[in-house]
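# Examination of the molecular architecture
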Amino acid sequence: MTSSRVVIALGGNAMTGPDGSATPGAQRDAIAVASGHIADVVASGVDVVLTHGNGPQVGNLLVKNEMAAHVVPPVPLDWNVAQTQATIAFTLADELDAALELRGLPQRTAGLVTRTLVDADDPGFREPSKPVGRFVPEQEAERFIAHGQIWEDRGEKGWRRAVASPEPLSVVDSPAIHALVDAGFVVVCAGGGGIPVVDDGQDGHALRGVEAVIDKDLTAAILAREVNADTLVIATDVPNVMIDFGTPAARPLGRVTVAELREHAAAGQFARGSMGPKVDAALRFVEGGGSRAVITSLEHIADAVAGDDAGTVLTV
């Protein structure tokens with residue numbers, strides 16, 4: 001199958017060094033490599049919308065918040081998401097524009113700081129459970145608790161911040177994304193799952209940022225539907241989804257139906273903290289009307305867009 005509009009969700013390996021380093025130099029080098037693969041997708045003639053993770057980058061900002069808390073008030077988590085969106089987007093724009101120009105392509109890149117709507121009554125807000133940032137001693141944690149944050153005792157390693165991770169409902173800025181894609185831009189948007197916002201329901205329906213993080217892959221599934229993409233590509237660090245991972249019976253999944261993948265998921269094949277959200281996102285996109293979803297490694301994304309012979313390909 002040949003796609004005409006694709007959403008590509010970049011994993012953390014596309015923006016950090018091989019050893020997980022998140023220094024500015026390591027991030028730029030990794031993004032330069034990723035941009036080459038993305039440019040190959042653009043060269044195939046499809047519209048491309050990019051989204052990405054931001055875990056290491058938000059983690060770095062949280063450390064800065066913690067270390068400077070005695071000098072300046074810590075900024076809320078939604079601000080951290082916004083800042084990392086902008087930093088990653090402009091770096092991707094620089095590197096991808098260079099890769100596109102190198103291939104003689106006319107398209108250029110636009111980065112959009114993007115909000116994602118969540119429900120203020122989402123159960124995740126009542127019991128924040130998503131760990132973020134580094135471990136700290138109890139005395140340090142108490143200082144941040146005084147600023148209204150929630151921290152949990154994680155045993156020998158110390159205390160770690162816990163935040164809400166509500167379900168994404170819609171990408172607030174999808175009309176702007178549509179307009180940019182229709183104007184010929186490759187769009188970088190909804191980084192880190194988007195800046196979480198709720199609708200206060202007041203006059204004018206004002207949106208308000210909230211302390212939370214959103215799963216980037218679940219947002220990618222919604223984004224792909226809202227921009228009318230026919231293919232969602234989730235780029236990770238392995239070429240295929242594996243079943244019976246870590247056992248002698250381990251094997252990669254190639255083409256698979258929704259029913260087959262649902263059966264594997266129900267059997268507990270996919271870890272909640274790694275492949276689980278990616279599989280869930282792929283299923284949601286296709287079950288919601290998308291034509292196909294592919295989970296594969298970054299270096300195979302062009303092949304994943306061009307046909308059904310690369311990665312784990314999910315169709316109805």
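As a starting point, this report considers the structure included with it. (Residues numbered from 1 in each chain as written. Predicted model: local features only at pLDDT ≥ 70, side-chain atom pairs only at ≥ 80, totals over all residues. Heavy atoms only, no water.)

### So, empty space enclosed by the protein
Remark: the empty space left among the atoms is shown by a probe the size of a water molecule rolled over them. Scanning the model with the defined rule gives one cavity of 30 Å³ or more in all. Taken as a whole, the largest cavity encloses approximately 30 Å³ of empty space. Surrounding the largest cavity, L62, N65, E66, P74, F144, Q149, W151 and R161 form its lining. Ranked by residues supplied to the lining of the largest cavity, first place goes to helix α2 (residues 55-67) with three residues. When the residues that make up the lining of the largest cavity are grouped by side-chain class, the tally is four nonpolar, two polar and two charged. (1 Å grid on protein atoms, 1.4 Å probe; cavity = no way out; pocket = protein on both sides within 12 Å on 5 of 7 lines; lining within 4 Å. Points joined across faces, edges and corners; volume = space filled by probe spheres on them. Helix = DSSP H or I, 4+ residues; strand = E, 2+ residues; numbered from the N terminus. Nonpolar A, V, L, I, M, F, W, Y, C, P; charged D, E, K, R; others polar.)

### What to know about the sheet that holds strand β7 (residues 159-163)
As summarised here, the arrangement of the three strands in space is β5-β7-β6, forming an open sheet in which the pairing is antiparallel. Unpaired on one side and paired on the other, β5 (130-136) and β6 (151-153) mark the two borders of the sheet. Across the sheet, the mean angle separating the axes of adjacent strands is 35° when strand polarity is ignored. Where β5 and β7 come together, four bridges link them in antiparallel fashion. Across the sheet, residue P131 finds its bridge partner in β7, namely A162. Where helix α5 (residues 138-145) meets the sheet, it contacts β5, β6 and β7, and its direction lies at approximately 130° from that of β5. (Pairing = 2+ DSSP bridges. Axes fitted to C-alpha atoms, helices over the stretch in contact; angles between N-to-C directions. Contact = heavy atoms within 4.5 Å.)

### Some points on the pairing of strand β9 (residues 186-189)
Residues V186 and V188 point to one face of β9 and V187 and C189 to the other, with burial holding for every one of them. In this sheet, β9 lies alongside strand β3 (residues 109-112) in parallel orientation, the contact comprising four bridges. Its bridge partner lying in β9, L112 is registered against C189. (Buried < 20%, exposed > 50% of the residue type's maximum accessible area, 1.4 Å probe, protein only.)

### Section: the sheet that holds strand β15 (residues 255-257)
Across a sheet, strands are paired by hydrogen bonds formed along the backbone, either parallel or antiparallel in direction. The eight strands are arranged β3-β9-β2-β1-β12-β16-β17-β15 in an open sheet whose pairing can be described as mixed. Across the chains shown, the open sheet's two edge strands, defined by having one partner strand only, are β3 and β15. Averaged over all neighbouring strand pairs, the angle between strand axes comes to 20°, with direction disregarded. One ladder, built from four bridges, connects strand β16 (residues 292-297) with strand β17 (residues 312-315); its direction is antiparallel. Residue pairing for β17: R292 is matched across the bridge by T315. Helix-sheet contacts for helix α1 (residues 24-43) involve β1 (5-10), β2 (47-52) and β9, and the interaxial angle to β2 is about 155°. Along the sheet, helix α7 (residues 216-226) contacts β1, β2, β9 and β12 (231-236); its crossing angle with β1, the most-contacted strand, is approximately 170°.

### Comments concerning the layout of surface pockets
Of the volumes computed, that of the second largest pocket is approximately 290 Å³. Contributing to the lining of the second largest pocket are 15 residues, with A22, P24, Q27, Q57 and T87 lying nearest its centre. Elements with a contribution of two residues or more to the lining of the second largest pocket: α1, α2 and α3 (77-102). Broken down by element, the residue count for the lining of the second largest pocket peaks at six residues, all from α3. Taken together, the residues of the lining of the second largest pocket break down into six nonpolar, seven polar and two charged.

### A closer look at the nonpolar core
Grouped together as the largest cluster of nonpolar side chains are 36 residues, with contacts concentrated most on I177, L223, L232 and L314. Put simply, the parts of the chain that give this core at least two residues each are β1, α6 (174-182), β9, α7, β12, α8 (258-266), α9 (275-287) and β16. Considering every element that reaches this core, the biggest residue donor is α9, with seven residues. The residues contacting L223, other than those within four sequence positions of it, are V7, V49, T51, V171, I177, C189 and A190. Counting residues in hydrophobic clusters, the runner-up holds 31 residues, among them A14, V41, V42 and V313. (Core = buried A, V, L, I, M, F, W, Y, C linked by side-chain atoms within 4.5 Å.)

Geometry only, nothing functional implied.
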